[in-house]
Amino acid sequence: MRQKFTMQITFPNEVPVFNGAALTLEFIALVGERYVRCSVTAEALEDYCGAPSILEDDLLKAFAAKKARIHRVCKTALKDNAGDAVILRSGYFRAYAMTSYKI
């Protein structure tokens, strides 16, 4: 049986960084006392957060508007993979929308 443990996850109030090569916005999660690099894809921001395009400004605005939703999905993903770095793709948002998690 898998042991459950409480994982303290917070997000510093920082603006995410655009990675044009990967078409992602990167941000930091604080898992316990460890900083973990996380990212969300441009596709996920378009599909689930209302970004009208993959332009940096559009992605940043969508992130800001849906930051709470992104952080909820990210927390769940971090818990699912023991606090290791995550890349939030459209599939994460779709999967969590179909489960009992409220996003």
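As a reminder, the structure under discussion sits directly above these lines.
Note that the structure is a prediction, hence the values are computed from the model and not measured.

Considering the overall build of the chain
Part 1: Broken down by element type, the chain carries 4 helices and 5 strands.
Part 2: Across the chain, helices and strands are ordered from the amino to the carboxyl terminus as β-β-β-β-α-α-α-β-α.
Part 3: On C-alpha atoms alone, the chain measures out to a radius of gyration of 13 Å, which is about the 13 Å that the 2.2 N^0.38 rule sets for 103 residues.
Part 4: In terms of its C-alpha atoms, the chain occupies a principal-axis envelope of roughly 45 × 30 × 20 Å.
Part 5: Counting contacts in the chain only where the partners sit at least 6 residues apart, residues at least 24 apart contribute 44% of the total.
Part 6: For the chain, the accessible area works out to roughly 6,500 Å², and carbon and sulfur atoms hold 52% of it.
Part 7: For the chain, the separation between the mean place of its 14 positive charges and that of its 11 negative charges on side chains is 10 Å.

Remarks on unusual backbone geometry
Part 1: The phi dihedral of Leu 23 is positive, around 55°, even though this residue is not glycine.
Part 2: With respect to the helices and strands, the residue Leu 23 is situated in the loop between strand S2 (17-19) and strand S3 (24-31).
Part 3: Using a relative accessible area of 33% as the deciding quantity, one classes Leu 23 as partly exposed.
Part 4: Here the phi dihedral of Ala 82 falls at roughly 60°; this positive angle occurs in a residue that is not glycine.

A word on the nonpolar core
Part 1: Phe 27, Val 40, Leu 78 and Leu 88 are the most contacted members of the largest nonpolar core, which has 27 residues in total.
Part 2: Put simply, the parts of the chain that give this core at least two residues each are S3, strand S4 (34-41), helix H1 (42-49), helix H2 (56-65), helix H3 (67-80) and helix H4 (90-97).

Some remarks on the environment of Ser 39
Part 1: Take Ser 39: it is sitting in strand S4.
Part 2: The class for Ser 39 is buried, based on a relative accessible area of 8%.
Part 3: Taking the C-alpha atoms as reference points, Ser 39 and Thr 24, separated by 15 residues in sequence, lie 6.1 Å from one another.
Part 4: Among all residues touching Ser 39, those that are not within four sequence positions of it are Thr 24, Leu 25, Glu 26, Phe 27, Val 86, Ile 87 and Leu 88.

As for the packing of H3 against H4
Part 1: Where H3 contacts H4, the axes come no closer than 10 Å and their chain directions differ by 90°. The angle between the axes of H3 and H4 places the two elements in the roughly perpendicular class. Only Tyr 92, Phe 93 and Tyr 96 of H4 make contact with H3, whose side of the interface consists of Ile 70, Val 73, Thr 76, Ala 77 and Asp 80.
Part 2: Residues that form the contact of H3 with H4 fall into these classes: 6 nonpolar, 1 polar and 1 charged.

Thresholds, definitions, all that
- Residues numbered from 1 in each chain as written.
- Predicted model: local features only at pLDDT ≥ 70, side-chain atom pairs only at ≥ 80, totals over all residues.
- Heavy atoms only, no water.
- Helix = DSSP H or I, 4+ residues; strand = E, 2+ residues; numbered from the N terminus.
- Rg over C-alpha atoms; globule rule 2.2 N^0.38 Å.
- Contact = heavy atoms within 4.5 Å.
- Areas by Shrake-Rupley, 256 points an atom, 1.4 Å probe, with all protein chains shown as cover.
- Lys, Arg positive; Asp, Glu negative; His and termini not counted.
- Charge placed at Lys NZ, Arg CZ, Asp CG, Glu CD.
- Buried < 20%, exposed > 50% of the residue type's maximum accessible area, 1.4 Å probe, protein only.
- Core = buried A, V, L, I, M, F, W, Y, C linked by side-chain atoms within 4.5 Å.
- Axes fitted to C-alpha atoms, helices over the stretch in contact; angles between N-to-C directions.
- Parallel < 35°, antiparallel > 145°, perpendicular 65-115°, else oblique.
- Nonpolar A, V, L, I, M, F, W, Y, C, P; charged D, E, K, R; others polar.

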